[in-house]
Amino acid sequence: MFDKLLEVEKRYEDVNELVCRPEIIADLDEYTKLMKEMKQLTPVVEKFREYKAAKDTFEESKEMLSDSSLDSDFAEMVKEEFEQSREDMERLSEELKILLLPRDPNDDKNVIIEIRGGAGGEESALFAGVLFRMYSMYAEAKGFKTEVLSANETGLGGYKEISFSVEGDGAYSRFKFESGVHRVQRVPETESQGRIHTSTTTVAVLPEAEEVDFELNEKDLQIDTFRSSGAGGQHINKTSSAIRITHLPTGTVVECQDERSQHKNKEKAMKVLRARLYDAEKAKHDAEIAGERKAQVGTGDRSERIRTYNYPQGRVSDHRINLTLYKLEQILNGDLDELIDALITADTAEKLKASGEQE
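We now turn to the structure provided with this report. (Residues numbered from 1 in each chain as written. Predicted model: local features only at pLDDT ≥ 70, side-chain atom pairs only at ≥ 80, totals over all residues. Heavy atoms only, no water.)

Digging into the side chain of S173
Keep this limit in mind: Helix and strand definitions follow DSSP, with helices as H or I runs of at least four residues and strands as E runs of at least two, each counted in order from the N terminus. The definition of a polar contact used here is a pair of N or O atoms within 3.5 Å, where within protein one atom must be able to donate a hydrogen and the other to accept one, and adjacent residues in sequence count solely through side-chain atom pairs. Contacts are assigned to residue pairs that have any heavy atoms within 4.5 Å of one another.
Structurally, the position occupied by S173 is in helix α6 (residues 171–175). Here G170 takes part through its backbone oxygen, which lies 2.6 Å from a polar atom of the side chain of S173. Sequence-distant contacts of S173, defined by excluding residues within four places in its chain, comprise D107 and I344.

As structure tokens, this is what we get:
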């Protein structure tokens, strides 16, 4: 581990020197790339330097304690310093192991979240709206920007499906464990007998793919225009601004009719299509390495039931890490940090265990 840390520190010093060069500053792409690398290296290097300082203190106090002529009061002080520095070294060593774990290359990316009603009809569609509101409020609290890409509303204010983007540094790292089946248990407003109904809603979290991540060949795309349906006034009967894009090799279809401009609808549809295809490639790659490590927090598969929201008991249970919180209202109002932090901690613990087994 320490050989690797010395390499990281050397690279940090090299990058630090490079970003000061006039020719690098003039090359915006190269400068941005190096600054991003430096941002990733900084916490590791800072922690490593803390460790080295603790180690120096440990060695010095150890050497001083071997001197039998030390005054007893001073010897006591040195002993305290010795114990403290040993504890610091152990703690910092564990923190460094976590910092050296392979980073998810998508963690810093924006995301596209797709929520679809599942089993339960209108009740499921209404809960899709609840989840959309929950994620929007959480994104706002984090300073992220959300934008609806497409939505298929129901008469009662729910969504058969809704797709929206969340933009902000580290958005994927905060939302990536939300993929899967969300189950709700509550008494629907239309239920006269007061019986609890169970319905499900599916969430997919896709890292937004840049053109460099996933190149689309125009020859593989079939682009159709059609008239928007649903609310929208007379405008919808006059122009064919809605866009449907079919990726012929995979049969993936994306529609967007939210904007009045055909160009804007096409832009949004391409963003969703690129993210879906990138996600499919990512899923294929993840499946290939799944034999090496089965993540404790689940596979990210959309058919996997991950969480239950029980209204009568006011509880939320995450089945992947056996965590139950009795704060349903706060969670549905976007207070997701406790849940998400617990999932990240469990995932990190699983990765540490796997890296220990490989050593």
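Now that the structure has been shown, the text picks up again.
Concerning a nonpolar patch on the surface
We apply this condition: Two joining distances apply to patches: 9 Å for like charges and 5 Å for nonpolar side chains (Val, Leu, Ile, Met, Phe, Trp, Tyr), and every residue must have over 30% relative accessible area and no salt bridge. To measure how exposed things are, a 1.4 Å probe is used in the Shrake-Rupley method; for residues, cover is taken only from the protein chains shown. A pairing counts as a salt bridge when a side-chain nitrogen of Lys or Arg comes within 4 Å of a carboxyl oxygen of Asp or Glu. Exposure categories follow from relative accessible area, calculated using a 1.4 Å probe and restricted to protein chains: below 20% of the type maximum is buried, above 50% is exposed, and the middle band is partly exposed.
On the surface, M64, F74 and M77 cluster together into a nonpolar patch covering about 260 Å² of accessible area. Residue F74 is classed as partly exposed on the basis of its relative accessible area, which comes to 33%.

Looking at helix α1 (residues 2–18)
For clarity, the cut-off: To estimate the expected span of a helix, subtract one from its residue number and multiply by 1.5 Å.
With 17 residues, α1 should reach 24 Å at 1.5 Å per residue; the first-to-last C-alpha distance of 24 Å fits that figure. For α1, the set of buried residues is L5, V8, E9, Y12, V15 and L18. Buried positions along α1 lie against α2 (22–26), α3 (28–65) and α4 (72–99).

Some thoughts on the layout of surface pockets
Vacant regions in the atomic arrangement are exposed by a probe of water-molecule size rolled over the atoms. Keep this limit in mind: Detection works on a 1 Å grid of protein atoms alone, calling trapped sets that fit a 1.4 Å probe cavities and calling open sets with protein on both sides within 12 Å along at least five of seven lines pockets, with lining residues defined by an atom within 4 Å of a point. Grid points are joined across faces, edges and corners, and a volume is the space filled by probe spheres set on the points.
Considered as a void within the structure, the second largest pocket measures approximately 850 Å³ in volume. If you trace the second largest pocket, you find 28 residues lining it, with L99, L101, R103, D104 and D107 closest to the centre. By residue number, the principal contributor to the lining of the second largest pocket is α3, which donates seven residues.

A short note on a negative patch on the surface
Let me state the cut-off plainly: The charged-residue count follows a simple rule in which Lys and Arg add positive charge and Asp and Glu add negative charge, with His and chain termini not counted at all. For this purpose, a charge sits on NZ of Lys, CZ of Arg, CG of Asp or CD of Glu.
Negative charge collects at one region of the surface, where D56, E59, E60, E63 and E81 lie side by side. Residue contributions to the negative patch peak at four residues, all from α3. Assignment of secondary structure puts E63 in helix α3.

Things to note about the sheet that holds strand β8 (residues 252–256)
Cut-off, in case you're wondering: DSSP bridges decide pairing: two strands pair if at least two such bridges lie between them. What counts as an axis is a line fitted to C-alpha atoms, over the stretch in contact for a helix, and the angles between N-to-C directions run from 0 to 180 degrees.
With antiparallel pairing, three strands are arranged side by side in an open sheet as β6-β7-β8. The open sheet has two edge strands with one neighbour each: β6 (221–226) and β8. Between one strand and the next, the sheet's axes are offset by a mean angle of 15 degrees, whatever the strand orientation. Both β6 and strand β7 (residues 242–247) contribute to a ladder of six bridges, which runs antiparallel. Bridge pairing in β7 places Q222 opposite T246.

Details of α4
The end-to-end C-alpha distance of α4 is 40 Å, a good match for the 40 Å that 28 residues give at a rise of 1.5 Å each. Buried residues along α4 sit against α1 and α3. Where α4 begins, one side-chain oxygen reaches toward the backbone nitrogen of D73, 3.1 Å away; that side chain belongs to D71.

Digging into the packing of α1 against α3
In plain terms, the rule: Geometric relationships in this document are graded by angle, where less than 35 degrees denotes roughly parallel, more than 145 denotes roughly antiparallel, 65 to 115 denotes roughly perpendicular, and other angles denote oblique. Take the far helix as the reference: if the near one is turned anticlockwise from it by less than a right angle, the crossing is left-handed, and if turned clockwise, right-handed.
Remark: α1 packs on α3, axes separated minimally by 9 Å, with the N-to-C direction vectors making an angle of 130 degrees. With respect to α3, the element α1 is oriented oblique. In this structure, α1 meets α3 at a crossing whose hand is left-handed. Residue-level contacts link F2, L5, L6, V8, E9, R11, Y12, E13, V15, N16 and L18 of α1 to L34, E37, M38, L41, T42, V44, V45, F48, R49, Y51 and K52 of α3.

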